[in-house]
Amino acid sequence: MKTVFVHPERCIGCRHCEMACAIEHSKSQDLFGMLFETPRSKPRIHVELGIDFMTFPNRCRHCDPAPCMQVCPTGALHRDVETGSVLVNYSTCIGCAMCAMVCPFDIISFNKVWSIQLDHEVNTKCDHCIDRQQAGNIPACVEACKTGALEFGDANTIIRSSRKDFTVRTTLALKGEEAPSLPPNIEAFRDIMAKVSQFGTLG
Amino acid sequence: MDKKIEIIVNARTTDEAAKVVLEKAIEEGIETVWDRLEAQQPQCGFGQLGMCCNRCAMGPCRISPFDDAGPTRGVCGADVDLIAARNLLDDLLVGAASHSDHGREVVEVFLETAEGKSQGYKILDETKLNAIADEYGIDTKGKSKEAVAKEVALAIFEEFGTVKNSIQFAESRPPEKTKETWKKAGIVPRSVDREIVEAAHRVHMGVDSDYVNILLHALRTSLSDGWGGSMMATDISDVLFGTPKPVSSYVNLGVLKPDMVNIVLHGHNPVLSEMVVKASREKDLVDYAKKMGAKGINLVGMCCTGNEVLMRQGVPIAGNMLNQELAIATGAVEVMLIDYQCIFPSITKTAGCYHTKVVSTSEKAKFPGAIHKEFHPGNAFDTAKEIVKLAVENFPNRNPDRVKIPNNPMKLMAGFSVEAITSALGGTLQPLIDVIASGKIRGAAGIVGCNNPKIKQDYNHIVLTKELIKRNILVLETGCAAIASGKAGLLVPEAAELAGDGLKEVAQSLGIPPVLHMGSCVDCSRILVIAAKLAKALNVGIADLPIAGAAPEWYSQKAISIGAYFVASGVYTVLGLPPKIFGSPNVVQLLTEGVEGVVGGKFAVEPDPVRQAELMAAHIEKKRKALGI
């Protein structure tokens, strides 16, 4: 099963993924063209501030079984078997928001879409960039991420490499050696921002 | 106060007067800087870490903070050290240019005054004029003050350009040892403009590609600001408008008056505001205000223009950077006069929610939605009168139902120029040296810089200041930091009670506050001058003195230049917010460690104000030990 794996410790809140997502789902699929389209394409991945100025890129996990699919009264949500993606049929979505109520990650939002003329807003969650995947490309958000916070691939393979990394750090720690999981300068910056959050209004 | 609003207000500011007005602003749906900060979250990590370069059209480029993923060089080939250093120099040169362009404008007015072409200006401090003339080697004997002034003005102008390749104040004022370190490092400033222009040149693609070389030039550029542009602004303002002497006045939003025409003087350059002060005292305008139903005309300052007119004219001051929108939200401001720097571009939008008129006055700082009354020295007084008249005529448009002015303006004492401090000590700095040597006062700290909405307004300024005076460290302040202390009641002689026994005794015997308001942000140059005088008296360099600096709530490029000229002059300087360099461990290392071996000063980054005080006190004790005191 291929998925977009998130390494939250690597997210630095640049929102590049949001921009790439909006471009990918616009009519023109072009940054400058997108700005002149109505309705304006919106990101389906969301980078928001947590505590201590840390951020998390939140997107559809394409669960299986998917709670949203299970509760959808019109069957607008369905699964693409080949990629495992949970997709929305805009023409049958009635905007009832049942899917959003049960979503474990609260990532469903409702917007107008350019691809079909409707008076109402529909579920515009992540479609796993199914068109790109079918063309042999990785999702737009992953391609845009320059810090490695988003990684596309087989979940078990990705986890195996993270697990190996964890094992190395743990055994190093047993030996009494320091094994930081982040570069020291980034660690220092995060510590400073955690302090700034104590004296400010944010994070 | 509504519980929910109370929580928001308390998280945003510690200024009690501001809280009252912020509550009103929130209730009335007025957008403020804090709302905009929230809307900007999360802010881009590449930018915060200094790993983004948006300089040329091959980019924008960004470097990954993690070496196992993402690009390590920009399209041009710049690595993260170069990108972070170039960004920093770019920010710094903007700050240095802001101070220096301000200085140039003051010197322009000075020259036109010397030539009899300005309106309303006089040379007020002839003693200081003659002292500067002496420094420049200008013979004053038998010459009128105007003739001397003209020669001084032209001599200073020459140093903006590149003909001479030296700046007089940077020659005659610093101690020999400090100048030696500059010479050795190759960072003696050659002119005011040259360093700034060269800095802009160096950040172009394919020019300076060595981060160390770029950072050295950053230090040189900052020196051309601190000992050049800023110092010229300070000194010539003193000559024109008078060297500040201790003066008592009031501070916080409570200085606005419910029954008077309120004019807020906001920005940084006092040249026009000095004339507005004069105009507001004209009898015909005061009578006109009475005819319009007001009791009179009430001028108040804001930010550093406010500091300038407070220091010299005793004009009350409404607040620092984060108070500007709130002043308008009181509903009681007829005119906010703005010159330049630190004025929110949205200020006219804020004013649009009330009857307030924003009057812009500088050709280089126009604000859509403002009424533009351009400042020219030749008709400055007429322009000032026009602006006051506009305010008076706007008074009947005020809606009394929407006015809310906090009570209890705080008393403060300002005006501690180096001359004023020296005179308070009986004509020489020796008594200060004596109390430092005896240990009654452990040393001195300069707390400067801005407000930043990322820090609860004034919180870090005040906690740090209190922690330092408790440790018997004399605190010298300028800019928003000084206004913060004023609002918190630290700029009155009674605040000596909060100081340690030694500082308390000294402050009480002199009748001065333990925290001295030394002026606006260009007046950080006054702190350099007093440090230089102390070092010269002890025959050491500035880096040897038991002193330290801090910018606990800084936001502006000017603060980067100020921080850098303190460091380059040998001062250990603590920043309360991280500069955009943490993507480059090498740049961080150089500025927080390596640079000390070159110029004697270095930076530290520490957001916790108690910890800041501990770091500064430890540095001061280290220097005392080295001096054997």
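> Got a sec to walk through the overall build of chain A? Specific residues and values, please.
Counting its regular elements, chain A contains eight helices and eight strands. Along the first, second and third principal axes, the C-alpha atoms of chain A reach 60 × 40 × 30 Å. Taking all 203 residues of chain A together, the buried fraction comes to 44%. Contacts in chain A between residues far apart in sequence, at least 24 positions, make up 56% of those at least 6 positions apart.

> Explain the packing of helix H5 (residues 80–114) of chain B against helix H25 (residues 585–594) of chain B residue by residue, including any values.
Residue and element names in this part refer to chain B. Relative orientation of the contacting elements H5 and H25 amounts to 50°, with a least axis distance of 8 Å. The angle between the axes of H5 and H25 places the two elements in the oblique class. Touching Asp81, Ala84, Ala85 and Leu88 of H5 are Asn586, Val587 and Leu591, all from H25. Partitioning the contact of H5 with H25 into residue classes produces five nonpolar, one polar and one charged.

> Before we move on, could you go through the environment of Thr356(B) and cite the residues and values that matter?
Residue and element names in this part refer to chain B. Within the secondary structure, Thr356 sits in the loop between helix H16 (347–351) and strand S7 (357–360). According to the relative accessible area criterion, Thr356 is buried, its value standing at 7%. Separated by 32 residues in sequence, Thr356 and Gln324 have C-alpha atoms that sit 12 Å apart. Ignoring sequence-local partners within four residues, the contact set of Thr356 consists of Ile328, Val333, Glu334, Met336, Ala351 and Asn394. A polar contact is formed between the side chain of Thr356 and the backbone oxygen of Val333, at a distance of 2.7 Å.

> Describe the interface of chain A and chain B, with residues and values.
At the junction of the two partners, chain A supplies 30 residues and chain B supplies 40 residues. With both sides pooled, the region where chain A packs onto chain B buries about 2800 Å², and carbon together with sulfur makes up 72% of that total. For chain A, the biggest contributors to the area lost against chain B are Lys146(A), Phe189(A) and Phe199(A); these three give 25% of the whole. Where chain A packs against chain B, one counts two salt bridges. When the shortest N-O distance is used, the salt bridge between Asp68(B) and Arg10(A) registers 2.7 Å. One can count nine residue pairs in polar contact (both at pLDDT 80 or more) joining chain A with chain B. Element by element, the count of residues in the side of chain A that touches chain B is highest for helix H8 (residues 184–199) of chain A, at nine residues. Among the residues forming the side of chain A that touches chain B, the class breakdown is 16 nonpolar, eight polar and six charged.

> Requested: an account of the environment of Asp81(B), with residues and values cited.
Residues and elements named next belong to chain B. Take Asp81: it is sitting in helix H5. In this structure the C-alpha to C-alpha distance between Asp81 and Thr243, which are 162 residues apart in sequence, comes to 44 Å. Excluding residues within four positions of it along the chain, Asp81 makes contact with Tyr211, Ser584, Asn586 and Val587. A polar side-chain atom of Asp81 sits 2.8 Å from a polar atom in the side chain of Asn586.

> Can you explain the pairing of strand S3 (residues 55–58) of chain A? Please cite residues and give values.
Residues and elements named next belong to chain A. Pairing geometry for strand S2 (residues 46–49) and S3, over four bridges, is antiparallel. Looking at the pairing, Glu48 lines up with Phe56 of S3. Count of turn residues in the S2/S3 antiparallel hairpin: five residues, of which Asp52 carries a positive phi of about 50°.

> I'd like a rundown of helix H27 (residues 609–627) of chain B, residues and numbers included.
Residues and elements named next belong to chain B. Counted at 1.5 Å a residue, the expected span for H27 with its 19 residues is 27 Å, and the 27 Å between its end C-alpha atoms agrees. Among the residues of H27, Pro609, Gln612, Ala613, Met616, Ala617, His619, Ile620, Lys623 and Arg624 are the ones counted as buried. All buried residues of H27 lie within an arc of 160° about the axis, which places them on one face of the element. Along H27, the residues that are exposed and aim more than 90 degrees away from the buried face are Lys625 and Ala626. The backbone nitrogen of Val610 has a side-chain oxygen 2.9 Å away, supplied by the residue at the start of H27, namely Asp608. Where H27 ends, the next residue or the one after it, Gly628, has phi of about 75°, a positive value.

> So, the pairing of S7(B): which residues are in play, and what are the values?
Two faces belong to every sheet, and in a regular strand the side chains alternate between them. Residue and element names in this part refer to chain B. Alignment of strand S6 (residues 335–338) against S7, held across four bridges, turns out to be parallel. Among the inter-strand pairings, Leu337 is bridged to a residue of S7, identified as Val359. Bridging between S7 and strand S8 (residues 371–372) involves two bridges; their strand directions are parallel. When the sheet's bridge partners are listed, Val359 is paired in S8 with Ile371.

> Outline the layout of surface pockets, listing residues and values.
Over the atoms a probe the size of a water molecule is rolled, and this reveals where empty space is left. Residues and elements named next belong to chain B. Empty space within the largest pocket amounts to approximately 1000 Å³. Together, 34 residues line the largest pocket, and Gln43, Asn452, Lys454, Tyr555 and Lys580 are the ones closest to its centre. Classifying every residue of the lining of the largest pocket gives 19 nonpolar, nine polar and six charged. The volume enclosed by the second largest pocket comes to roughly 710 Å³.

> Explain the confidence of the model for chain B to me, using residue names and the numbers behind them.
On average, residues of chain B score 97 in pLDDT, and 100% of them are at 70 or above. Across the interface, the model reports ipTM at 0.81; the global pTM reads 0.93.

Quick notes on the rules
- Residues numbered from 1 in each chain as written.
- Chains lettered and ligands numbered in written order.
- Predicted model: local features only at pLDDT ≥ 70, side-chain atom pairs only at ≥ 80, totals over all residues.
- Heavy atoms only, no water.
- Helix = DSSP H or I, 4+ residues; strand = E, 2+ residues; numbered from the N terminus.
- Buried < 20%, exposed > 50% of the residue type's maximum accessible area, 1.4 Å probe, protein only.
- Contact = heavy atoms within 4.5 Å.
- Axes fitted to C-alpha atoms, helices over the stretch in contact; angles between N-to-C directions.
- Parallel < 35°, antiparallel > 145°, perpendicular 65-115°, else oblique.
- Nonpolar A, V, L, I, M, F, W, Y, C, P; charged D, E, K, R; others polar.
- Polar contact = N/O pair within 3.5 Å; in protein donor to acceptor, adjacent residues only side chain to side chain.
- Buried area = accessible area lost by both parts, 1.4 Å probe.
- Salt bridge = Lys/Arg side-chain N within 4 Å of Asp/Glu carboxyl O.
- Pairing = 2+ DSSP bridges.
- Expected span 1.5 Å × (residues − 1).
- Arc of directions from axis to C-beta.
- 1 Å grid on protein atoms, 1.4 Å probe; cavity = no way out; pocket = protein on both sides within 12 Å on 5 of 7 lines; lining within 4 Å.
- Points joined across faces, edges and corners; volume = space filled by probe spheres on them.
- pLDDT = per-residue confidence, 0-100.

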